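Given next are the chains, with one letter for each unit.
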Amino acid sequence: MNPLLGTRTAATAFLAVGLLGGLTACGDDTSPAVADEPSSATPTPTPTPTSTPTPEPAGTVIPDDFPLLDGYPTNNQSEGGDNGRHGPSRELDPLRFAACGSKLPLPEVTDQLRGGWTNPEDYRERQLSTFGSVDAAEAFVGDIEGLYAACSTEDTEDGYTRVNEIVAGSLGDYAFTHVRRYELDGAPAIGLATTTVVRVGRAVLVSATYNEGGGGPDPQQEVTDAAKQGEEAIEALVPQLPA
């Protein structure tokens, strides 16, 4: 079941909606100067104010060859058709975060890459965003964590209950993993969504998966294992983030 489509998928760990534009750069004012009329007296030159563009903070532009999809299966390991890898690209819709009827607004970023892998019952997405300041990156991470922390459970239209849990992380300057599992009539049900969020300086990496995990006899162990696997999947990328 695709976590981005259908009744149960309307509030998986992430939603891909809305298109984010690319970087915009502000240039200098290039309007031509107008010469003064000649005069018998030599006027004292008046300095002409100049506009200096504010440079982007160092290290906030993501390299085109950033290995966002490292560790994902290759296209020939998929079942073909529309399955397999997509991206990395600046043109893909940004990930959105929703829980308990609330959806976070899109943040203002300086650059963003998204890519992923799809196959039947195996959906993976990663997104790397850079911000104009550390404070802005921290705020984005805090908003995501706060959204899920404020929504411990929510009922679906088809009788399931989504259970949202936050697990503290160990990567980068700050990290956490949101694990969403399902219950039916109080018993564990199939379906496991994991979203790992890592901040390094002004950069924020989001790695999200959905599969047919869950449903086992020990839900808390599954949550712990999912969070650990979420960090392990991107551990090698973190030192390469453009902080």
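Residues numbered from 1 in each chain as written. Predicted model: local features only at pLDDT ≥ 70, side-chain atom pairs only at ≥ 80, totals over all residues. Heavy atoms only, no water.

Asker: Give me the lowdown on the side chain of Thr110, citing residues and values where you can.
Answerer: For Thr110, the location among the structural elements is in the loop between strand 5 (102-103) and strand 6 (111-119). There is a polar contact of 2.7 Å between the side chain of Thr110 and the side chain of Thr130. (Helix = DSSP H or I, 4+ residues; strand = E, 2+ residues; numbered from the N terminus. Polar contact = N/O pair within 3.5 Å; in protein donor to acceptor, adjacent residues only side chain to side chain.)

Asker: Run through the confidence of the model for the protein, naming residues and quoting values.
Answerer: Predicted confidence across the protein gives a mean pLDDT of 82, with 75% of residues reaching 70 or more. The weakest mean pLDDT in the protein belongs to strand 1 (residues 15-16) at 42; the strongest belongs to helix 1 (residues 134-149) at 98. Throughout residues 1-44 the model reports pLDDT below 50, and contacts reaching past four residues in sequence, or to other chains, amount to 75 contacts. (pLDDT = per-residue confidence, 0-100. Contact = heavy atoms within 4.5 Å.)

Asker: Which residues make up the side chain of Thr194, and what are the values?
Answerer: Mapped onto the elements, Thr194 comes out in strand 11 (residues 187-200). Taking relative accessible area as the criterion, Thr194 reaches 6% and is therefore assigned buried. Setting aside residues no more than four positions away along its own chain, Thr194 makes contact with Thr177, His178, Val179, Ser207, Ala208, Thr209 and Ala226. (Buried < 20%, exposed > 50% of the residue type's maximum accessible area, 1.4 Å probe, protein only.)

Asker: With reference to specific residues and values, describe the nonpolar core.
Answerer: One broad trend across soluble globular proteins is that nonpolar side chains are buried collectively. Judged by nonpolar contacts, the single largest core of 17 residues is most densely connected at Phe97, Ile144, Val197 and Val204. Element by element, the count of residues in this core is highest for helix 1, at six residues. Leu171, Ala175, Ala203 and Ile234 belong to the second largest nonpolar core, which has 15 residues in total. (Core = buried A, V, L, I, M, F, W, Y, C linked by side-chain atoms within 4.5 Å.)

Asker: Residues and numbers for helix 1, please.
Answerer: End to end, helix 1 covers 22 Å across 16 residues, agreeing with the expected 22 Å (1.5 Å per residue, within 8%). Taken residue by residue, helix 1 has Ala137, Phe140, Val141, Ile144, Glu145, Leu147 and Tyr148 as its buried positions. For helix 1, the angular spread of the buried residues around the axis is 160°, confining them to a single face. For helix 1, exposure combined with an orientation more than 90 degrees from the buried face picks out Asp135 and Ala149. Buried residues along helix 1 sit against strand 4 (98-99), strand 5, strand 9 (160-168), strand 10 (174-184), strand 11 and strand 12 (203-214). (Expected span 1.5 Å × (residues − 1). Arc of directions from axis to C-beta.)

Asker: Account for the sheet that holds strand 2 (residues 84-89), naming residues and giving values.
Answerer: The antiparallel open sheet is built from eight strands, whose spatial order is 2-6-7-12-11-10-9-8. Because the sheet does not close on itself, it has two edges, and the strands there are strand 2 and strand 8 (153-155). Within this sheet the neighbouring strands show an average axis-to-axis angle of 10°, counted without direction. Where strand 10 lies against strand 11, eleven bridges are found, and the strand directions are antiparallel. Bridging across to strand 11, Leu184 finds its partner in Ala187. Against the sheet, helix 1 makes contact with strand 9, strand 10, strand 11 and strand 12, and its axis sits at roughly 20° relative to strand 10, the strand it touches most. Against the sheet, helix 2 (residues 219-234) engages strand 7 (122-130), strand 9, strand 10, strand 11 and strand 12, with an angle of about 140° to strand 10. (Pairing = 2+ DSSP bridges. Axes fitted to C-alpha atoms, helices over the stretch in contact; angles between N-to-C directions.)

Asker: Could you give an account of the pattern of salt bridges, with specific residues and numbers?
Answerer: With the rule as written, the count across this model stands at ten salt bridges. The salt bridge involving Arg114 is made with Glu125; its shortest N-O contact spans 2.9 Å. Of the two residues, Arg114 is situated in strand 6 and Glu125 in strand 7; the sequence distance between them amounts to eleven residues. The same class applies to Arg114 as to Glu125, namely buried. Where Asp173 meets Arg199, a salt bridge forms, and the shortest distance between an N and an O atom there is 3.7 Å. Of the two residues, Asp173 sits in the loop between strand 9 and strand 10 while Arg199 sits in strand 11, which places them 26 residues apart along the sequence. Residue classification places Asp173 among the partly exposed residues on the basis of a relative accessible area of 48%. Accessibility expressed as a relative area gives 8% for Arg199, which makes it buried. (Salt bridge = Lys/Arg side-chain N within 4 Å of Asp/Glu carboxyl O.)

Asker: Can you break down helix 2 residue by residue, with the values?
Answerer: Taking 1.5 Å of rise per residue, 16 residues should cover 22 Å, and helix 2 covers 23 Å from first to last C-alpha, within 8% of that figure. Buried within helix 2 are the following residues: Pro219, Val223, Ala226, Ala227, Gly230, Glu231 and Ile234. An end-on view of helix 2 places all buried positions within 130° of arc, on one side of the element. Seen from the open side of helix 2, the exposed residues pointing more than 90 degrees away from its buried face are Lys228 and Gln229. Contact partners of the buried residues in helix 2: strand 7, strand 9, strand 10, strand 11 and strand 12.

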